[in-house]
Amino acid sequence: AMARLNDQLHPFTSPMDRFVTLVAVVLDPATHTATLVNAGHPPPLVYRHAECKFYSAIPDEDDGQSLGHALGNRYQCHQMQLAPGDSLLLFSDGVTDAGSVSSKPFKMKGIYGILAPDCPDTPIALGKRLVDAVQRHARGGPQYDDITLLCFGRSAG
């Protein structure tokens, strides 16, 4: 489906040197499985609550070509199990590129920093921590890109 969407967008995006990035996630609530496909978006993170750690939800070698940039792109599906308390964190590059007043970017280091000093126990808490951290970091700095965040997960109970 992603490859087909890519080829359908190509005539409209490539002449203008434009492209689209996205991550698609299909959830199976019966098996607590998430299937992810990346198309040039920052790789989603999975938060493993039992370990209080983030991991990339997509292998590093999957660079996930942007949609509409070139014809014939192929995309890989990646499946993962969500254990009780686990969350998926999807975000645009506007989160990692959010600049401070001195133009210092938030980066992935800023995202990993939201886990200290304790482990958030819900996707809402995790998302709120990230929003608060980006706002503190960017306070007074200009916003030059969209900032998009989606956080959801499996209840711990």
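Residues numbered from 1 in each chain as written. Predicted model: local features only at pLDDT ≥ 70, side-chain atom pairs only at ≥ 80, totals over all residues. Heavy atoms only, no water.

Caption draft 1: Representation of the overall build of the protein within the structure. On a plain count of helices and strands, the protein comes out with 4 helices and 7 strands. Overall, the protein shows an N-to-C arrangement of helices and strands of α-β-β-β-β-β-β-α-α-α-β. Relative to a compact globule of 157 residues, whose C-alpha radius of gyration would be 15 Å, the protein shows 17 Å and is just as compact. The burial tally for the protein puts 38% of its 157 residues in the buried class. For the protein, restricting intrachain contacts to residue pairs at least 6 apart in sequence, the fraction spanning at least 24 positions comes to 66%. (Helix = DSSP H or I, 4+ residues; strand = E, 2+ residues; numbered from the N terminus. Rg over C-alpha atoms; globule rule 2.2 N^0.38 Å. Buried < 20%, exposed > 50% of the residue type's maximum accessible area, 1.4 Å probe, protein only. Contact = heavy atoms within 4.5 Å.)

Caption draft 2: A look at the packing of aromatic side chains. Scanning the entire structure with this criterion turns up 2 aromatic pairs. Relative to Tyr112, the ring of Phe54 lies with its centre 5.7 Å away and its plane at 75°, an arrangement referred to as edge-to-face. Here Phe54, found in strand S4 (residues 53-56), pairs with Tyr112, found in helix H3 (residues 107-112); they are 58 residues apart in sequence, far enough to count as distant. In this structure Phe54 comes out as buried when scored by relative accessible area, which is 7%. Residue classification places Tyr112 among the partly exposed residues on the basis of a relative accessible area of 39%. Taken together through their ring pairs, the aromatic side chains of Tyr47, Phe54 and Tyr112 make up a single cluster. (Phe/Tyr/Trp six-rings, centres within 6.5 Å; stacked < 30°, edge-to-face > 60°.)

Caption draft 3: Structural context of the pairing of S4. Relative to S4, strand S3 (residues 45-48) runs antiparallel, the two being bridged by 4 bridges. Pairing of Tyr47 across the sheet is with Phe54, part of S4. Linking S3 to S4, which pair antiparallel, is a turn of 4 residues; within it Cys52 sits at a positive phi near 55°. (Pairing = 2+ DSSP bridges.)

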